[in-house]
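Structural features, examined
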Amino acid sequence: SQTIHQWPATLVQPVGSPLSLECTVEGTSNPNLYWYRQAAGRGLQLLFYSVGIGQISSEVPQNLSASRPQDRQFILSSKKLLLSDSGFYLCAWSAGTVVSNQPQHFGDGTRLSIL
Amino acid sequence: ILNVEQSPQSLHVQEGDSTNFTCSFPSSNFYALHWYRWETAKSPEALFVMTLNGDEKKKGRISATLNTKEGYSYLYIKGSQPEDSATYLCAFMTTDSWGKLQFGAGTQVVVTP
(Lines give C-alpha, C1' and ligand atoms only; values in the text may rest on other atoms or scores of the structure.)
Protein backbone atom coordinates (compact mmCIF):
# COMPACT_ATOMS: atom_id res chain seq x y z
CA SER A 1 0.00 0.00 0.00
CA GLN A 2 1.02 3.57 -0.49
CA THR A 3 2.26 5.74 2.35
CA ILE A 4 3.37 9.33 2.65
CA HIS A 5 5.88 10.57 5.20
CA GLN A 6 6.39 14.19 6.09
CA TRP A 7 8.84 15.62 8.60
CA PRO A 8 9.44 17.24 10.95
CA ALA A 9 6.08 17.33 12.71
CA THR A 10 6.81 20.63 14.43
CA LEU A 11 9.45 23.25 13.88
CA VAL A 12 10.27 26.52 15.59
CA GLN A 13 12.58 28.77 13.63
CA PRO A 14 13.84 32.34 14.03
CA VAL A 15 13.08 34.96 11.42
CA GLY A 16 15.70 34.95 8.69
CA SER A 17 16.72 31.34 9.15
CA PRO A 18 16.56 28.75 6.36
CA LEU A 19 13.91 26.05 6.03
CA SER A 20 13.78 22.55 4.66
CA LEU A 21 10.69 20.35 4.93
CA GLU A 22 10.76 16.93 3.38
CA CYS A 23 8.07 14.64 2.04
CA THR A 24 8.44 11.14 0.63
CA VAL A 25 5.93 8.76 -0.86
CA GLU A 26 6.24 4.99 -0.88
CA GLY A 27 4.42 2.29 -2.77
CA THR A 28 3.72 4.17 -5.98
CA SER A 29 5.65 5.61 -8.88
CA ASN A 30 5.45 8.94 -10.67
CA PRO A 31 2.98 10.48 -8.22
CA ASN A 32 1.72 14.03 -8.52
CA LEU A 33 3.05 15.89 -5.49
CA TYR A 34 1.70 18.96 -3.73
CA TRP A 35 2.66 21.38 -0.97
CA TYR A 36 -0.16 23.20 0.83
CA ARG A 37 -0.21 25.71 3.65
CA GLN A 38 -3.03 26.40 6.05
CA ALA A 39 -2.77 29.78 7.71
CA ALA A 40 -4.76 30.32 10.90
CA GLY A 41 -8.53 30.30 10.24
CA ARG A 42 -8.17 29.78 6.50
CA GLY A 43 -8.46 26.97 3.99
CA LEU A 44 -5.67 25.02 2.37
CA GLN A 45 -3.66 27.11 -0.05
CA LEU A 46 -1.74 25.33 -2.78
CA LEU A 47 1.89 26.45 -2.82
CA PHE A 48 3.59 24.12 -5.30
CA TYR A 49 2.79 21.06 -7.32
CA SER A 50 4.89 18.68 -9.37
CA VAL A 51 3.98 16.16 -12.05
CA GLY A 52 7.49 14.71 -12.39
CA ILE A 53 11.15 14.95 -11.39
CA GLY A 54 12.41 18.48 -11.75
CA GLN A 55 8.98 19.81 -12.78
CA ILE A 56 7.70 22.34 -10.27
CA SER A 57 4.81 24.76 -10.65
CA SER A 58 4.54 27.64 -8.22
CA GLU A 59 1.13 28.97 -7.33
CA VAL A 60 1.88 31.77 -4.93
CA PRO A 61 4.77 34.26 -5.25
CA GLN A 62 6.73 34.17 -2.02
CA ASN A 63 10.09 33.40 -0.53
CA LEU A 64 9.49 29.66 -0.56
CA SER A 65 10.70 27.22 -3.18
CA ALA A 66 10.19 23.54 -3.89
CA SER A 67 12.30 20.84 -5.45
CA ARG A 68 11.76 17.26 -6.55
CA PRO A 69 15.18 15.63 -6.71
CA GLN A 70 13.76 12.11 -6.90
CA ASP A 71 10.51 10.64 -8.16
CA ARG A 72 8.94 10.27 -4.73
CA GLN A 73 10.65 13.06 -2.82
CA PHE A 74 9.34 16.61 -2.53
CA ILE A 75 11.17 19.31 -0.58
CA LEU A 76 9.93 22.71 0.54
CA SER A 77 12.66 25.25 1.23
CA SER A 78 13.35 28.83 2.10
CA LYS A 79 16.60 30.75 2.33
CA LYS A 80 15.23 33.29 4.81
CA LEU A 81 11.99 32.76 6.72
CA LEU A 82 9.52 35.57 7.35
CA LEU A 83 7.04 35.85 10.19
CA SER A 84 4.26 35.38 7.63
CA ASP A 85 5.61 31.91 6.81
CA SER A 86 4.17 30.57 10.06
CA GLY A 87 1.47 28.02 9.52
CA PHE A 88 0.64 24.39 9.00
CA TYR A 89 2.23 22.78 5.94
CA LEU A 90 0.84 19.69 4.29
CA CYS A 91 2.33 17.50 1.61
CA ALA A 92 0.02 15.41 -0.57
CA TRP A 93 0.20 13.03 -3.50
CA SER A 94 -2.22 11.75 -6.11
CA ALA A 95 -2.07 9.07 -8.76
CA GLY A 96 -2.77 9.24 -12.44
CA THR A 97 -2.58 12.27 -14.65
CA VAL A 98 -2.75 15.56 -12.81
CA VAL A 99 -6.17 16.30 -14.29
CA SER A 100 -8.05 13.28 -13.04
CA ASN A 101 -10.69 12.23 -10.57
CA GLN A 102 -8.19 10.67 -8.20
CA PRO A 103 -8.24 11.87 -4.59
CA GLN A 104 -5.25 13.43 -2.92
CA HIS A 105 -3.56 11.69 0.01
CA PHE A 106 -2.07 13.85 2.71
CA GLY A 107 0.85 13.58 5.09
CA ASP A 108 0.56 14.39 8.77
CA GLY A 109 1.73 17.96 8.32
CA THR A 110 4.37 20.24 9.82
CA ARG A 111 3.49 22.98 12.30
CA LEU A 112 5.96 25.81 11.58
CA SER A 113 6.30 28.65 14.05
CA ILE A 114 8.50 31.62 13.26
CA LEU A 115 9.81 33.67 16.18
CA ILE B 1 -9.28 33.43 -8.13
CA LEU B 2 -12.22 31.03 -8.14
CA ASN B 3 -13.79 30.78 -4.72
CA VAL B 4 -15.32 27.81 -3.00
CA GLU B 5 -17.42 28.57 0.05
CA GLN B 6 -18.56 26.24 2.80
CA SER B 7 -21.38 26.87 5.21
CA PRO B 8 -21.85 26.87 8.04
CA GLN B 9 -18.34 27.47 9.34
CA SER B 10 -19.11 25.25 12.32
CA LEU B 11 -21.98 23.33 13.80
CA HIS B 12 -22.74 21.37 16.93
CA VAL B 13 -24.79 18.20 16.66
CA GLN B 14 -26.26 15.95 19.31
CA GLU B 15 -25.28 12.33 19.06
CA GLY B 16 -27.85 10.46 17.00
CA ASP B 17 -29.05 13.52 15.08
CA SER B 18 -28.53 13.91 11.36
CA THR B 19 -27.00 16.97 9.79
CA ASN B 20 -25.91 18.41 6.48
CA PHE B 21 -23.82 21.29 5.21
CA THR B 22 -23.00 22.97 1.95
CA CYS B 23 -20.16 23.55 -0.44
CA SER B 24 -20.70 26.22 -3.13
CA PHE B 25 -18.43 26.64 -6.13
CA PRO B 26 -18.43 28.37 -9.52
CA SER B 27 -20.34 26.21 -11.99
CA SER B 28 -18.35 27.12 -15.09
CA ASN B 29 -15.69 24.71 -16.41
CA PHE B 30 -16.46 22.18 -13.67
CA TYR B 31 -14.36 19.03 -13.58
CA ALA B 32 -14.52 17.45 -10.10
CA LEU B 33 -15.58 18.07 -6.52
CA HIS B 34 -13.70 16.47 -3.62
CA TRP B 35 -14.75 16.01 0.01
CA TYR B 36 -12.21 15.37 2.75
CA ARG B 37 -12.56 14.71 6.48
CA TRP B 38 -9.90 16.20 8.71
CA GLU B 39 -9.85 14.96 12.27
CA THR B 40 -7.78 16.71 14.92
CA ALA B 41 -4.16 15.48 15.03
CA LYS B 42 -4.63 13.47 11.85
CA SER B 43 -4.17 14.14 8.15
CA PRO B 44 -7.06 14.94 5.82
CA GLU B 45 -8.74 11.80 4.51
CA ALA B 46 -10.51 11.60 1.18
CA LEU B 47 -14.23 10.84 1.41
CA PHE B 48 -15.57 11.33 -2.10
CA VAL B 49 -14.58 12.52 -5.55
CA MET B 50 -17.61 13.49 -7.60
CA THR B 51 -17.64 14.41 -11.25
CA LEU B 52 -21.14 14.08 -12.67
CA ASN B 53 -24.13 16.34 -12.18
CA GLY B 54 -26.62 14.51 -9.97
CA ASP B 55 -23.93 12.25 -8.55
CA GLU B 56 -24.64 10.74 -5.15
CA LYS B 57 -21.95 8.97 -3.16
CA LYS B 58 -22.22 7.13 0.14
CA LYS B 59 -19.71 5.86 2.67
CA GLY B 60 -21.30 4.37 5.76
CA ARG B 61 -23.46 7.05 7.37
CA ILE B 62 -21.97 9.83 5.26
CA SER B 63 -23.30 10.72 1.83
CA ALA B 64 -22.89 13.55 -0.65
CA THR B 65 -24.78 14.98 -3.59
CA LEU B 66 -23.60 17.17 -6.43
CA ASN B 67 -25.30 19.82 -8.55
CA THR B 68 -22.83 21.14 -11.10
CA LYS B 69 -25.34 23.34 -12.92
CA GLU B 70 -26.04 25.48 -9.87
CA GLY B 71 -22.64 24.95 -8.25
CA TYR B 72 -23.25 23.24 -4.94
CA SER B 73 -22.69 19.98 -3.09
CA TYR B 74 -24.26 18.79 0.14
CA LEU B 75 -22.63 16.47 2.63
CA TYR B 76 -24.98 14.54 4.92
CA ILE B 77 -24.19 12.72 8.14
CA LYS B 78 -26.93 10.38 9.30
CA GLY B 79 -27.16 9.50 12.99
CA SER B 80 -24.07 11.49 14.01
CA GLN B 81 -21.58 9.83 16.33
CA PRO B 82 -18.76 11.46 18.35
CA GLU B 83 -16.22 9.95 15.95
CA ASP B 84 -17.77 12.06 13.17
CA SER B 85 -16.36 15.16 14.86
CA ALA B 86 -13.95 16.68 12.35
CA THR B 87 -13.53 19.49 9.87
CA TYR B 88 -15.02 18.61 6.51
CA LEU B 89 -13.29 20.20 3.53
CA CYS B 90 -14.54 20.47 0.01
CA ALA B 91 -12.37 21.30 -2.97
CA PHE B 92 -13.13 21.71 -6.62
CA MET B 93 -11.22 21.40 -9.83
CA THR B 94 -12.00 23.01 -13.17
CA THR B 95 -11.18 21.74 -16.63
CA ASP B 96 -8.58 24.47 -17.04
CA SER B 97 -6.96 24.33 -13.61
CA TRP B 98 -4.43 21.66 -14.57
CA GLY B 99 -5.36 19.43 -11.68
CA LYS B 100 -5.15 22.09 -8.99
CA LEU B 101 -7.73 21.88 -6.23
CA GLN B 102 -9.29 25.00 -4.75
CA PHE B 103 -10.20 24.27 -1.13
CA GLY B 104 -12.91 25.78 1.01
CA ALA B 105 -12.22 26.81 4.60
CA GLY B 106 -14.16 23.83 5.90
CA THR B 107 -17.13 23.10 8.14
CA GLN B 108 -16.16 22.08 11.66
CA VAL B 109 -18.56 19.50 13.07
CA VAL B 110 -18.68 18.76 16.79
CA VAL B 111 -20.84 15.84 17.87
CA THR B 112 -21.68 15.82 21.55
CA PRO B 113 -22.86 12.72 23.44
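Each remark here, short or long, concerns the structure printed above.
Below is a summary of the structure that appears in this document. Worth saying up front: this structure is predicted, and the values here are computed from it rather than measured.

Rules and cut-offs
Residues numbered from 1 in each chain as written. Chains lettered and ligands numbered in written order. Predicted model: local features only at pLDDT ≥ 70, side-chain atom pairs only at ≥ 80, totals over all residues. Heavy atoms only, no water. Phe/Tyr/Trp six-rings, centres within 6.5 Å; stacked < 30°, edge-to-face > 60°. Buried < 20%, exposed > 50% of the residue type's maximum accessible area, 1.4 Å probe, protein only. Pairing = 2+ DSSP bridges. Helix = DSSP H or I, 4+ residues; strand = E, 2+ residues; numbered from the N terminus. Axes fitted to C-alpha atoms, helices over the stretch in contact; angles between N-to-C directions. Disulfide = S-S within 2.5 Å. Contact = heavy atoms within 4.5 Å. Buried area = accessible area lost by both parts, 1.4 Å probe. Salt bridge = Lys/Arg side-chain N within 4 Å of Asp/Glu carboxyl O. Polar contact = N/O pair within 3.5 Å; in protein donor to acceptor, adjacent residues only side chain to side chain. Nonpolar A, V, L, I, M, F, W, Y, C, P; charged D, E, K, R; others polar.

Moving on to the packing of aromatic side chains. All names here are of chain B. Evaluated as defined, the whole model comprises 15 aromatic pairs over all chains. A centroid spacing of 6.1 Å and a plane angle of 70° characterise the contact between Tyr74 and Tyr76, whose relative ring orientation is edge-to-face. Here Tyr74 falls in the partly exposed class, since its relative accessible area comes to 28%.

Quick look at the sheet that holds strand E1 (residues 3-7) of chain A now. Residues and elements named next belong to chain A. Within the open sheet, the four strands sit side by side as E1-E3-E8-E7. Their pairing is antiparallel. Both edges of this open sheet fall to E1 and strand E7 (64-70), since each of them pairs with a single strand only. Averaged over all pairs of adjacent strands, the angle between strand axes in this sheet comes to 15°, irrespective of strand direction. Sheet analysis places E7 next to strand E8 (residues 73-78), joined by five bridges and oriented antiparallel. Bridging from a neighbouring strand, Leu64 pairs with Ser78 of E8.

Here the focus is unusual backbone geometry. Residue Pro8(A) is reached from Trp7(A) by a cis peptide bond, and omega for that bond is 0°. Within the secondary structure, Pro8(A) is located in the loop between E1 and strand E2 (10-13). In this structure, the amide linkage connecting Ser7(B) to the following residue, Pro8(B), adopts the cis form with an omega of -5°. Position of Pro8(B) among the secondary structure elements: in the loop between strand E1 (5-7) and strand E2 (10-14). One non-glycine residue, Asn30(A), lies in positive phi territory at about 50°. In this structure, Asn30(A) sits in the loop between strand E3 (19-26) and strand E4 (32-38). Classification of Asn30(A) by relative accessible area gives partly exposed; the value is 45%. With a phi close to 70°, Ala41(B) is a non-glycine residue in the positive phi region. When you line up the elements, Ala41(B) lands in the loop between strand E4 (30-38) and strand E5 (45-50).

All names here are of chain B. Taken in spatial order, the five strands line up as E1-E3-E8-E7-E6 in an open sheet, and their pairing is antiparallel. The sheet is open, and its two borders are formed by E1 and strand E6 (56-59), each paired with just one other strand. Between one strand axis and the next, the sheet turns through 15° on average, direction left out of account. Sheet topology places strand E7 (residues 62-67) next to strand E8 (residues 72-77); six bridges connect them, and they run antiparallel. The residue bridging Asn67 from the neighbouring strand is Tyr72, located in E8.

Position of Asp84(B) relative to the elements: it lies in the loop between E8 and strand E9 (86-94). A relative accessible area of 3% places Asp84(B) in the buried class.

Our next topic: the state of the cysteines. Residues and elements named next belong to chain B. For the structure on display, the rule yields two disulfides over all chains. With its sulfur 1.9 Å from that of its partner, Cys23 forms a disulfide with Cys90. Across the S-S bond of Cys23 and Cys90 the torsion is about 75°, and the bridge reads as right-handed. Here Cys90 lies in strand E9 and Cys23 lies in strand E3 (residues 19-24), a separation of 67 residues in the sequence. Residue classification places Cys23 among the buried residues on the basis of a relative accessible area of 0%. A relative accessible area of 0% places Cys90 in the buried class.

Taken together, the contacts link 20 residues of chain A with 18 residues of chain B. By the criterion of area lost to chain B, the three top residues of chain A are Leu44(A), Val99(A) and Phe106(A), representing 29% of everything that side buries. Between Glu59(A) and Lys100(B) there is a salt bridge whose closest N-O contact spans 3.3 Å. Along the contact surface separating chain A from chain B lie three residue pairs in polar contact (both at pLDDT 80 or more). Split into classes, the residues belonging to the side of chain A that touches chain B amount to eleven nonpolar, seven polar and two charged.

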